[in-house]
Amino acid sequence: MELRQLEYFVAVAEEQNFTRAAERVHISQSGVSAQIRRLEQELGADLFDRSARTVVLTVAGKAALAHARAALAAAGAVGQSVDEVTELIRGRLTVGMVIGCTLTPLFEALAAFHEAHPGVEIALLEDHSDRLTDGVRTGAVDLALIGTATAAPDGLHALTVISERLVAAVPAGHPLTRRRRVTLRDLTAHPIVCMPTGTGLRAVFDQACAAQHLRPSIAMQASAADAIADLAARGLGVAVLSDSMAAAHRGDRLTARTIDDVETPALLALIWKSTHNPAVRELLAHTRRAFHSEVKSGRNHPIGTFLSTVGIVGESGIP
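About the cut-offs
Residues numbered from 1 in each chain as written. Predicted model: local features only at pLDDT ≥ 70, side-chain atom pairs only at ≥ 80, totals over all residues. Heavy atoms only, no water. Helix = DSSP H or I, 4+ residues; strand = E, 2+ residues; numbered from the N terminus. Contact = heavy atoms within 4.5 Å. Areas by Shrake-Rupley, 256 points an atom, 1.4 Å probe, with all protein chains shown as cover. Buried < 20%, exposed > 50% of the residue type's maximum accessible area, 1.4 Å probe, protein only. Pairing = 2+ DSSP bridges. Axes fitted to C-alpha atoms, helices over the stretch in contact; angles between N-to-C directions. Core = buried A, V, L, I, M, F, W, Y, C linked by side-chain atoms within 4.5 Å. Expected span 1.5 Å × (residues − 1). Arc of directions from axis to C-beta. Phe/Tyr/Trp six-rings, centres within 6.5 Å; stacked < 30°, edge-to-face > 60°. Salt bridge = Lys/Arg side-chain N within 4 Å of Asp/Glu carboxyl O. pLDDT = per-residue confidence, 0-100.

(A) Here's a closer look at the overall build of the protein. Within the protein, the regular secondary structure consists of 11 helices and 13 strands. A sequence separation of at least 24 residues applies to 73% of the contacts in the protein between residues at least 6 apart. For the protein, the accessible surface area stands at approximately 16,100 Å², while carbon and sulfur atoms represent 51% of it.

(B) Fine view of the side chain of E40. Note that E40 resides in helix α3 (residues 29-43). You can call E40 buried: its relative accessible area is 4%.

(C) Structural detail: the sheet that holds strand β11 (residues 255-258). With mixed pairing, the 5 strands of this open sheet are ordered in space as β9-β8-β10-β7-β11. With one partner strand each, in any of the chains shown, β9 (218-221) and β11 form the two edges of the open sheet. If you compare each strand with its neighbour and ignore which way they point, the axes differ by 30° on average. Direction of pairing for strand β7 (residues 166-170) relative to strand β10 (residues 238-242): antiparallel, over a ladder of 4 bridges. Bridge assignment links V167 to a residue of β10, and that residue is L241. Strands β7, β8 (192-194), β9 and β10 of the sheet are contacted by helix α9 (residues 225-233), whose axis makes an angle of about 150° with β10.

(D) The pairing of strand β12 (residues 266-272), seen in detail. Within β12, 7 of the 7 residues are buried, which leaves it mostly tucked inside the rest of the structure. Of the two faces of β12, the one holding A266, L268, L270 and W272 and the one holding L267, A269 and I271 are both buried throughout. Looking at chain direction, strand β5 (residues 143-148) and β12 are connected through 6 bridges and run antiparallel. Note that in β12 the partner of T148 across the bridge is L267.

(E) Up close: the nonpolar core. Within the largest apolar cluster, 35 residues are counted, with the highest numbers of intra-cluster contacts made by L166, L184, L187, F205 and V240. At the level of secondary structure, the elements contributing two or more residues to this core comprise β7, α7 (184-187), β8, α8 (200-211), α9 and β10. Residue contacts for L166: discarding those within four places in its chain leaves L201, V204, F205, V240, L241, T258, I259, V262 and A266. Within the second largest apolar cluster, 23 residues are counted, among which are C101, F113, A279 and L283.

(F) Seen up close, helix α5 (residues 104-116). In this model α5 runs 18 Å from its N-terminal to its C-terminal C-alpha over 13 residues, within 8% of the 18 Å that 1.5 Å per residue would give. Taken together, the buried positions of α5 are occupied by P105, L106, A109, L110 and F113. All buried residues of α5 project into a common sector of 140° when viewed along the axis, lining one side.

(G) Fine view of the packing of aromatic side chains. Under the defined criterion, the tally for this structure stands at 2 aromatic pairs. When the ring of F18 is compared with that of F48, the centres are 6.0 Å apart and the planes differ by 70°; the resulting orientation is edge-to-face. Linking F18 in helix α2 (residues 18-25) with F48 in strand β1 (residues 48-49), this pair joins segments that are 30 residues apart in sequence. Note on accessibility: F18 and F48 belong to one class, buried. Joined through ring pairs, the aromatic side chains of F9, F18 and F48 make up one cluster.

(H) Just the environment of A11, in detail. Within the secondary structure layout, A11 lies in helix α1 (residues 3-15). Judged by its relative accessible area of 1%, A11 falls in the buried class. In this structure A11 touches A21, R24 and V25, once residues within four positions along its chain are discounted.

(I) Structural context of unusual backbone geometry. Look at H26: it is not a glycine, yet its phi comes out positive at around 65°. Positionally, H26 belongs in the loop between α2 and α3. On the basis of relative accessible area, H26 is assigned to the exposed category, the value being 71%.

(J) Spotlight on the pattern of salt bridges. A full pass over the atoms with the stated rule returns 15 salt bridges. Note that E14 and R24 form a salt bridge whose closest N and O atoms lie 2.5 Å from each other. With E14 in helix α1 and R24 in helix α2, this pair connects stretches of sequence that are 10 residues apart. Classification of R24 by relative accessible area gives partly exposed; the value is 37%. Residue R37 is joined to E40 by a salt bridge in which the shortest nitrogen-to-oxygen separation is 3.4 Å. Separated by 3 residues within a single helix, R37 and E40 lie in helix α3, roughly one turn from each other. Note on R37: relative accessible area 39%, which makes it partly exposed. A cluster of three or more residues bridged by salt bridges with shared partners is formed by E14, E15, R20, R24 and R69.

(K) Layout of the confidence of the model for the protein. For the protein, the mean per-residue pLDDT works out to 82, and 87% of the residues sit at or above 70. The lowest-confidence element of the protein is strand β13 (residues 312-313), averaging 33 in pLDDT; the highest-confidence one is β8, averaging 95. Confidence over residues 300-319 falls short of pLDDT 50; this stretch has 53 contacts with residues more than four positions distant or in other chains.

Rendered as structure tokens:
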């Protein structure tokens, strides 16, 4: 019995298809089929029922799957332990980033990590926060920068880097510019331009409306803050943004008012599931240093309010 046979067996079991499994392990379908047959011959039992359109585990296959996964994990742990002792970090990291968020400290952290550990391949994935969170939970994404309405999504660890109140941004002459205080009810009397469902800022807005039994009229949606501000500046609706998102457009174009009765902040946070992977731990360390450096520099950034006392929620021992 070989580890590669167990790897192919797990791939077929999870994909329920020999072709997709072959693509996943980067060999031909015939090669996967041959290795699975040899494994079945050695075990003396069929692991898959191949009579249906999708490949289904037999009773013997179900019994073997957990042990196969455990064996592969143990084999991976051997190499990881040696790498940690020799301070050699390699492999692949998939880093997620919420759509429309250009955060310089994150890019600086990625660059510093790459310079320190060139043996690690970094893949950057841009998506909505909800899908990135699901990706971290399933292990498809190792670390993600998301917008969120909660300090730490269930079952995950988080490092909050930005926390801001929601604002309503409107062009000159709009009725809301004459108000010193703007409430959510004032805001929802007008068409709204905001981020789409699945983003952290939208989650905060939707939750606040639901708490007051308000039904806002969402006129337009966009994933980028600049696009939302542009639409609002042209009179197509009231923009719902975070304070720093609106900051770059204050002045002649837009007037921003904090939504007085929405006290829950929109958060930007790094999330991860586990730090068993030394590459994840190292990238977290580089990221934390990058954000702390940004705070100490005293520069005024339009991306948000950096928290000088950022803390890791639910995880200890991270540098």
